[in-house]
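Residues per chain are reported as follows:
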Amino acid sequence: MALDEIEVTAAIMLENGKVFIAQRTADDRLAHKWEFPGGKLEDGETPRQSLMREMNEEFGIEVAVCDFFGESTYDYDYVRVRLLAYLVRWNDGELRPTAHEDCRWVTPRELAEYDFAPADLPFVAKLQGCE
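For clarity, every value in this text was computed on a predicted model and none was experimentally measured. Position labels on residues start from 1 in each chain and follow its written sequence. Thresholds applied to this predicted model are a pLDDT of at least 70 for local features of residues and 80 or more for the giving and counting of side-chain atom pairs; totals over whole chains, interfaces and linings are not thresholded and use all residues. Side-chain measures here rest on the full set of heavy atoms in the structure, leaving out hydrogens and waters.

Student: Just to check I follow, could you spell out the layout of surface pockets for this structure?
Tutor: The rolling of a water-molecule-sized probe over the atoms marks out the regions of remaining empty space. Space inside the largest pocket adds up to approximately 550 Å³. Cavities and pockets were defined on a 1 Å grid built from protein atoms only: a cavity is a group of points that admits a 1.4 Å probe but offers it no way out, a pocket is an open group of points flanked by protein on both sides within 12 Å along at least five of seven lines, and a lining residue is one with an atom within 4 Å of any such point. Lining the largest pocket are 25 residues, and of these Val8, Arg24, Asp28, Glu35 and Lys40 sit closest to its centre. Helix and strand assignments follow DSSP, with helices taken as H or I runs no shorter than four residues and strands as E runs no shorter than two, numbered in order from the N terminus. Counting residues per element, the ones that place at least two in the lining of the largest pocket are β1 (5-15), β4 (38-40) and β6 (80-92). As a working rule, the residues Ala, Val, Leu, Ile, Met, Phe, Trp, Tyr, Cys and Pro are called nonpolar, Asp, Glu, Lys and Arg charged, and the rest polar, with Gly in that last group. A per-class count over the lining of the largest pocket returns 13 nonpolar, five polar and seven charged. Grid points are joined across faces, edges and corners, and a volume is the space filled by probe spheres set on the points.

Student: I keep staring at the side chain of histidine 100 and nothing clicks. Help me out?
Tutor: Along the chain, the position of histidine 100 falls in the loop between β6 and β7 (102-106). In this structure histidine 100 comes out as buried when scored by relative accessible area, which is 13%. Each polar contact in these results corresponds to two N or O atoms within 3.5 Å; when the atoms are within protein, one needs to be able to donate a hydrogen and the other to accept it, and residues that are neighboring in sequence are counted only if both atoms are side-chain atoms. Among the polar contacts listed, one links the side chain of histidine 100 to the side chain of glutamate 35, at a separation of 2.7 Å. Not counting residues within four places of it along the chain, the set of residues in contact with histidine 100 comprises Ala22, Gln23, Arg24, Thr25, Glu35, Glu58 and Phe59. To sort residues, take the accessible area from a 1.4 Å probe on protein chains only and compare it with the maximum for the residue type: under 20% means buried, over 50% means exposed, and anything in between is partly exposed. We call two residues in contact when some of their heavy atoms are within 4.5 Å.

Student: Looking at this model, I keep getting lost on the pattern of salt bridges. Mind explaining?
Tutor: Close approach of charged atoms lets side chains of opposite charge pair. What counts as a salt bridge is simple: a side-chain nitrogen of Lys or Arg found within 4 Å of a carboxyl oxygen of Asp or Glu. Within the structure shown, the criterion is met by eleven salt bridges. Note that glutamate 54 and arginine 53 form a salt bridge whose closest N and O atoms lie 3.1 Å from each other. One exposure class covers both glutamate 54 and arginine 53, and it is buried. Each of Glu42, Glu45, Arg53, Glu54 and Glu57 takes part in a single network of salt bridges with overlapping partners.

Student: In this structure, what is going on with unusual backbone geometry? I would like to understand it.
Tutor: Glycine aside, the phi torsion of most residues is negative, and most peptide linkages are trans. For asparagine 16, which is not glycine, the phi dihedral falls at a positive 50°. In this fold, asparagine 16 is placed in the loop between β1 and β2 (18-23). The exposure class of asparagine 16 is exposed, given its relative accessible area of 76%. Its identity is not glycine, yet histidine 32 carries a phi of approximately 65°, on the positive side. Mapped onto the elements, histidine 32 comes out in the loop between β2 and β3 (34-35). Judged by its relative accessible area of 38%, histidine 32 is partly exposed.

Student: Just to check I follow, could you spell out the state of the cysteines for this structure?
Tutor: Each disulfide is one covalent bond, formed between the sulfur atoms of two cysteines. Disulfides are defined as pairs of cysteine sulfur atoms found within 2.5 Å of each other. In the structure shown here, the tally under the stated rule is zero disulfides. The thiol sulfur of cysteine 66 is not disulfide-bonded, and the nearest other cysteine sulfur, from cysteine 103, lies at 20 Å.

Given below as structure tokens:
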């Protein structure tokens with residue numbers, strides 16, 4: 001049986017040599033996994049619009065979506081995720097997480113210490129220069 005496919009965006013937000021990561025909540029299918037934040041595209045929405053909306057809804061910040069960073073496709077048991085990552089720049093607002101267990105700024109080298117969702121792993125490798 002073919003899996004349904006969803007398109008999801010991911011924000012690669014870099015500042016002062018560190019990258020922003022967030023941890024999923026305990027009630028999530030990927031409970032406690034770390035990710036580059038973002039979310040599902042809504043009908044009629046571009047990936048850039050999705051990222052701007054998601055970062056505002058989930059963290060209370062305004063971001064500028066810059067260059068395309070990469071794409072990852074991963075088949076979970078229940079859905080195929082096509083993850084589109086973009087470099088983003090934090091422009092305004094105070095970081096207030098509303099939909100995650102935790103969030104942190106870490107160096108690319110420190111990413112290896114975190115248990116990432118499988119779809120995000122290619123971006124971890126790219127940030128560490130290992131792709």
